[in-house]
Structures are given as structure tokens and as C-alpha cells.
Amino acid sequence: MTTAQTQELDVQPTPLALLLLGREADPRSERGVECPGDLPSPSDPDLVARARAAKEKLGDKVFVLGHHYQRDEVIQFADVTGDSFKLARDAAARPEAEYIVFCGVHFMAESADILTSDDQKVVLPDLAAGCSMADMATAEQVAECWDVLTEAGIAEQVVPVSYMNSSADIKAFTGKHGGTICTSSNAERALNWAFEQGEKVLFLPDQHLGRNTAVRDLGMSLEDCVVYNPHRPNGGLTAEELRAAKMILWRGHCSVHGRFSLDSVDDVRERIPGVNVLVHPECRHEVVAAADYVGSTEYIIKALEAAPAGSKWAIGTELNLVRRLANRFAAEDKEIVFLDKTVCFCSTMNRIDLPHLVWALESLAEGTLVNRIEVDQETEAFAKLALERMLALP
């Protein structure tokens, strides 16, 4: 692929270290290490029974969280399902649970550890279940960006707003610099709050959610937004461009939602007359602009629950959720299809499979704590400050 093609597709070069997924990874990144235990064979016909037995043995000591994008084989063992922030709050609401088994990705487990008590232990069944979007903003890169904003004379005017889909380090940076966290469902409220505190926003790490919220919900123009590329000197921006911008968007994106294109929307409308196009705000701006409805995973689920029988829907989000919703509402004669012809799972989310879950549950049942996710106290304090600002949003 040529450089021009890479830029056209808005794809960032992948550092070599990230290609070695799950091996000798930088502990400050979202990537983990190889599972240290002996996993049962994925072909073991007794996996479901073993998971059920281990969970029953643990009883109230364990609370299993399942993100919407998880496999069905895993989600069947979740005590609650939801998006990342809902699950972290649910974990905090269960102080009697000694173990929180988070079937999601690394940054989600970090958030659960931040919001739960010190006595609770958060476990991620596979430490290599990371998030490519969260990986696109490291603490060192963001610190360098702040230096660039300082040199441009605008740092005091900038309020950082970080998406929930970010590492604990980025959340801590946000808290330390007077900013807040947001989810895909409250990003508009978070930005309104931020612009009451300052003149500009540094939005991390998903450029598309930041752009879509600013333009679609706050009425800004695309010209009000610039993209800071951490792989270029000064982010690829001049001091004049930074001073003129209202939204400084980090050059990050979701590998799943970034796949959807305007061609996907045009194609599905041609194939399925009368279809409603419903997409997640992590999609590209042109896709969001062409869609009929836009919202978070929770919004998508509620929209389909309220949809009339016989309606047709093309959904632009992760395939596990779309397929689960299609099966759920088939009896109501609701036609639900994946927006793109190309099947696309979240590859890192899918690392949490049944063998890893069985291994984690059986280890805990035997009294062995495995794969604990623990955020250091200083990082936790500032990250929690940013999360508490979000909870206090009007």
C-alpha cells in the first residue's frame, strides 16, 4: 500500500511492537502479555459445564461483566451486560463481590479497578485483550502534545476531554489538566461543560466521536476542527492552525467503526429499499451525516427495541452485537443487517473466549488470583477525578 493510499484510508502506521500482539508488550500500553496459565482446549466439549461449575463454586464472590461486543459463548455467563462505563459502574455497585471478572478489553478493566474498592480485585481473562483506539494515544505522546500547545501559547485555553475508550494514563492526564471523561452517549454534555471552562478542547483519542459531536450536536463547522497527528512534528499543525481551532482532535479511530464508508450506506440503501441506517458516532463524519440515526450501543439497542415490527435496519457497529440483535428481534419480523458487506469483529475484544474465561474462573475457584488489573494510586487518583467530573455533568 502506498503512502497516498494510507493517508486516504486514514490508517495510522502500526508500531512494530503492536504487531507482536500479546508478546513482551510495553506495560504502559493497552497490550498485554501471553496468558501464563494452561488454557483448556477450545474443542473441549465440557467448557460450558466447567465455566458454570466454577462460577457456581465462587457464588457471590465473583461478578462477571460482559461487554456488548463479546462473543455469545462468553456473554452467556455475564451477570450484567452493557457498554464500558455502565459495566464499570455496575462493578462499583457490587461491593460484596471479591472478584470482578471483566469480559471486555484492558481499558475497561482499568476503569472498573478505578471505580471499585481496594478490596475488590478486577480480573481480565486475557491480558492481550487491548483496544487499538486506546493504543493510539500514549502518555508520552499526549505530554508532548501539551508541550506543543504550550509553545503555541494556548495550553491555558485548552480543556482536555477524553473518551472512555482510553488508558488509565490518559484519563489521569485529563484529570490533572482540569478535563473530564465522556462516553458516546454524553459527549455533547461533556463538550458543553468543557467550553464553559475554556475556549478550546483537546479531544482524545477518537477523532470521529469528537468531530461528529462538535459538528452534529454543537453546530460547529468542520473548519473549527483540526487533527493532531502524534506521528508528525508538532502534530502536523502550525501554531496559527492551533490558535484558530476550537476542537483539537487526536488522530485516533476505532478499527471496527472506521471501516464503514459512504459506499456502505449507499449500497445498503440500494439493496434494501426502506432500510433505516443506524450507526455509532465513532464512524466517519460522512457516514454519520448520511445515516438516519446515530447513537451509542445502548441507544442502538433501545432504538431496535422500540422499532415497529416489519422495519428494516442496517447497523454500523461491531458484528457480535448486530448478530445478537438480529437473532433477538427476528421473531418480531425486524430485519437487521450489518452495514458493511465485509464481516468485521473487534479482534481484540474477541480474545476473551470461552477457554480463557474457564481458566480464569477455575483459577479463582481454586484460590489462585490471575490476570489482575491494578492501577497505581497516583494514576487512579487523577483518573478518578476526571471520571467524577463526568458523573457531575449537568
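Reading the values: the criteria
Residues numbered from 1 in each chain as written. Predicted model: local features only at pLDDT ≥ 70, side-chain atom pairs only at ≥ 80, totals over all residues. Heavy atoms only, no water. Helix = DSSP H or I, 4+ residues; strand = E, 2+ residues; numbered from the N terminus. Expected span 1.5 Å × (residues − 1). Buried < 20%, exposed > 50% of the residue type's maximum accessible area, 1.4 Å probe, protein only. Arc of directions from axis to C-beta. Contact = heavy atoms within 4.5 Å. Disulfide = S-S within 2.5 Å. Pairing = 2+ DSSP bridges. Axes fitted to C-alpha atoms, helices over the stretch in contact; angles between N-to-C directions. Parallel < 35°, antiparallel > 145°, perpendicular 65-115°, else oblique. Nonpolar A, V, L, I, M, F, W, Y, C, P; charged D, E, K, R; others polar. Phe/Tyr/Trp six-rings, centres within 6.5 Å; stacked < 30°, edge-to-face > 60°. Polar contact = N/O pair within 3.5 Å; in protein donor to acceptor, adjacent residues only side chain to side chain. pLDDT = per-residue confidence, 0-100. Core = buried A, V, L, I, M, F, W, Y, C linked by side-chain atoms within 4.5 Å. 1 Å grid on protein atoms, 1.4 Å probe; cavity = no way out; pocket = protein on both sides within 12 Å on 5 of 7 lines; lining within 4 Å. Points joined across faces, edges and corners; volume = space filled by probe spheres on them.

Right, let's talk about helix α3 (residues 47–58) for a bit. Over its 12 residues, α3 extends 17 Å from the first C-alpha to the last, a length consistent with the 16 Å expected when each residue adds 1.5 Å. For α3, the set of buried residues is Leu47, Ala51, Ala54, Lys55 and Leu58. Seen along its axis, α3 keeps its buried residues to an arc of 100°; they face one direction. Counted as exposed and oriented over 90 degrees from the buried face of α3: Glu56 and Lys57. Along its buried surface, α3 packs onto β1 (62–67), β3 (99–103) and α17 (354–365). Just downstream of α3 lies Gly59, where phi reads positive at about 60°.

Here we take up the state of the cysteines. On inspection of all chains with the given rule, the structure shows 0 disulfides. Free cysteine: Cys182, not disulfide-bonded; nearest cysteine sulfur from Cys131 at 14 Å. Residue Cys182 is classed as buried on the basis of its relative accessible area, which comes to 0%. Between Cys283, a cysteine without a disulfide, and Cys254, which holds the nearest cysteine sulfur, the sulfur-to-sulfur distance is 8.1 Å. Look at Cys283 and you get buried, because its relative accessible area is 0%.

On to the sheet that holds strand β5 (residues 158–163), then. Strands sit in the order β6-β5-β7-β9-β8 across an open sheet of 5 strands; the sheet is parallel. Where the open sheet ends on each side, the last strands, each with one partner, are β6 (180–182) and β8 (225–228). Taken over all neighbouring pairs, the strand axes of this sheet differ in orientation by 25° on average, direction set aside. Strand direction decides the pairing type here: β5 and strand β7 (residues 200–204), joined by 5 bridges, are parallel. By the bridge assignment, Pro160 is partnered in β7 with Leu202. Across the sheet, helix α9 (residues 168–176) is in contact with β5, β6 and β7; its angle to β5 comes to roughly 150°.

One can describe the packing of helix α6 (residues 106–115) onto helix α18 (residues 377–391) by two numbers: an axis separation of 10 Å at closest approach and a directional angle of 90°. Judged by the inter-axis angle, α6 sits roughly perpendicular to α18. Touching Asp113, Ile114 and Leu115 of α6 are Glu380, Ala383, Lys384 and Leu387, all from α18. Taken together, the residues of the contact of α6 with α18 break down into 4 nonpolar, no polar and 3 charged.

Attention shifts here to the packing of aromatic side chains. Within this structure, the stated rule accounts for 4 aromatic pairs. Centroid distance Tyr228 to Trp250: 5.3 Å. Interplanar angle 25°. Geometry classified as stacked. Of this pair, Tyr228 sits in strand β8 while Trp250 is found in strand β9 (residues 247–250), placing the two residues 22 residues apart along the sequence. When its relative accessible area of 1% is taken as the criterion, Tyr228 is described as buried.

Here Asn371 is to be found in the loop between α17 and β14 (372–373). Here Leu124 takes part through its backbone oxygen, which lies 3.0 Å from a polar atom of the side chain of Asn371. In terms of polar contacts, Asn371 uses its side chain to reach the backbone carbonyl oxygen of Pro125, at 3.1 Å.

Right, let's talk about the confidence of the model for the protein chain for a bit. Low-confidence regions, as indicated by low pLDDT, have predicted coordinates that should not be scrutinised in detail. Looking at the protein chain, the pLDDT average stands at 89 and 90% of residues meet or exceed 70. The low-confidence segment residues 1–30, where pLDDT is below 50, has 44 contacts with residues more than four positions distant or belonging to other chains.

Core analysis: the biggest nonpolar cluster contains 109 residues, and Val101, Phe203, Met247, Val279, Ile336, Leu339 and Leu361 have the highest contact counts within it. Among the elements that make up this core, the one with the highest residue count is α17 (8 residues). Excluding residues within four positions of it along the chain, Phe203 makes contact with Val161, Cys182, Leu191, Leu209, Gly210, Met247, Ile248, Leu249 and Trp250. Counting residues in hydrophobic clusters, the runner-up holds 21 residues, among them Ala137, Trp146, Ile170 and Ala245.

Turning our attention to the pairing of β1. Within β1, 6 of the 6 residues are buried, leaving the element largely enclosed by the surrounding structure. Sheet topology places β1 next to β3; 5 bridges connect them, and they run parallel. Counted as the bridge partner of Val62 is Tyr99 from β3. By the bridge criterion, 3 bridges tie β1 to strand β2 (residues 80–82) in an arrangement that is parallel. Bridge assignment links Leu65 to a residue of β2, and that residue is Val80.

Before going further, it helps to spend a moment on empty space enclosed by the protein. According to the stated counting rule, one finds 2 cavities of 30 Å³ or more in the structure shown. The calculated volume of the largest cavity comes to roughly 340 Å³. Every residue lining the largest cavity is counted, 29 residues in all, and those nearest its centre are His67, Tyr69, Met108, Asn165 and Glu282. Secondary-structure elements contributing two or more residues to the lining of the largest cavity are α5 (84–92), α6 and α7 (132–135).

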